[in-house]
Amino acid sequence: MDTARADVQFDFRGRTVLVTGATSNLGLATARAFAHAGAAVGILGGSDPTALDKAVGDLRAEGATASGSLASLSDESAVVAAVTVLQEQLGPVDILINNAAIRSGRALEELTLDEWDRTLAVNLRAPFVLAQRLLPSMLARTFGRIINVAGLNIWWASETSTHVSAAKSGLLGLTASLAMRGAQHGVTVNTVVPGFIDTESYQRSRDATRDATVGRLVPMGRAARMEEVVDTILFLTSSSASYITGQTIVVSGGAHPMVSFG
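Definitions and limits used
- Residues numbered from 1 in each chain as written.
- Predicted model: local features only at pLDDT ≥ 70, side-chain atom pairs only at ≥ 80, totals over all residues.
- Heavy atoms only, no water.
- Helix = DSSP H or I, 4+ residues; strand = E, 2+ residues; numbered from the N terminus.
- Contact = heavy atoms within 4.5 Å.
- Salt bridge = Lys/Arg side-chain N within 4 Å of Asp/Glu carboxyl O.
- Buried < 20%, exposed > 50% of the residue type's maximum accessible area, 1.4 Å probe, protein only.
- Pairing = 2+ DSSP bridges.
- Axes fitted to C-alpha atoms, helices over the stretch in contact; angles between N-to-C directions.
- Phe/Tyr/Trp six-rings, centres within 6.5 Å; stacked < 30°, edge-to-face > 60°.
- Lys NZ or Arg CZ within 6 Å of the ring centre and 35° of its normal.

1. Quick notes on the side chain of Ser165
Working step 1: With respect to the element layout, Ser165 can be found in helix H5 (residues 162–182).
Working step 2: In this structure Ser165 touches Asn153 and Ala157, once residues within four positions along its chain are discounted.

2. A short note on the pattern of salt bridges
Opposite charge on two side chains lets them pair, provided their charged atoms get close.
Working step 1: Tallying each qualifying case throughout the model produces eight salt bridges.
Working step 2: Note that Lys54 and Asp58 form a salt bridge whose closest N and O atoms lie 2.7 Å from each other. With Lys54 and Asp58 both in helix H2 (residues 49–61) and four residues apart, the pair spans about one turn of that helix.
Working step 3: For Arg222, the salt bridge goes to Glu228, with nearest N and O atoms at 2.9 Å.
Working step 4: Overall, Glu228 belongs to the partly exposed group, its relative accessible area being 24%.
Working step 5: Several salt bridges share partner residues, and in doing so they unite Arg222, Arg225, Glu227 and Glu228 into one network.

3. Thoughts on the sheet that holds strand S3 (residues 66–70)
Backbone hydrogen bonds hold the strands of a sheet together, and the pairing may be parallel or antiparallel.
Working step 1: Pairing is parallel in the open sheet, where seven strands are placed in the order S3-S2-S1-S4-S5-S6-S7. Of all the strands in the sheet, just S3 and strand S7 (248–251) have a single pairing partner and so form its edges. Shown here is a sheet whose adjacent strand axes are inclined to one another by a mean of 20 degrees, direction ignored.
Working step 2: Here helix H3 (residues 76–90) sits on the sheet in contact with strand S1 (16–20), strand S2 (40–45) and S3, set at roughly 160 degrees to S2.
Working step 3: Sheet contacts for helix H8 (residues 226–237): strand S4 (95–98), strand S5 (144–149), strand S6 (187–194) and S7; angle to S6, the most-contacted strand, approximately 165 degrees.

4. As for the packing of aromatic side chains
Working step 1: Within the structure shown, the criterion is met by two aromatic pairs.
Working step 2: Through successive ring pairs, a cluster of aromatic residues spans Phe10, Phe12 and Phe34.
Working step 3: A cation over a ring is seen here: Arg15 above Phe143, with NZ or CZ 3.6 Å from the ring centre.

Below, the structure is given as structure tokens:
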């Protein structure tokens, strides 16, 4: 993330943030942005201890207060144990960013029940488990922010994304329900829906066909810069967005759910 930008400034000193799936791409950029804005940052990683150690080490090297915990997000008891450890190290979580997801492509006829269950467990059940664990403390302290990160596949479904689209669509209902629970207690809950993001993996997969697809579907004609999505997340969790809750914020360069891939 470009830390030299001075046009957008946020202050999260005294806040503790938990970001899932924050060892690379959007999750890591979000964790770094919160750290640069003064927050203590906890990273909940799923499967790669080396990547988790590197992410936490890099944040600490940049002067941040950061800790990480490894847990399979499909394992409720492991998630609860990991969050307990992180809160012991950093303090009560003020801001939860449910970013982690798995996105395997599989035709309906080939999709196994195990793959369906694991996708919903990581993409939908884990955000519920984390919210259920952390929301009571937020309510008691009359402050909290939860962001659920979805994707355009909640509208732009395909025949190979039944499980992913179903799980991510469920986040919209979860957001609405949690927002109602927290609305009178200083807790806001919103969904952020990024479009195409110019990540390292996006660059590796770029070709003429993908560029043409982005050009056709995105009125701005390009993928989002990472900070354009990250700044949206930071804004929604800041004091400036205290009256925004239960909303779905699409960061897509104008790409609209009514537009078809066809």
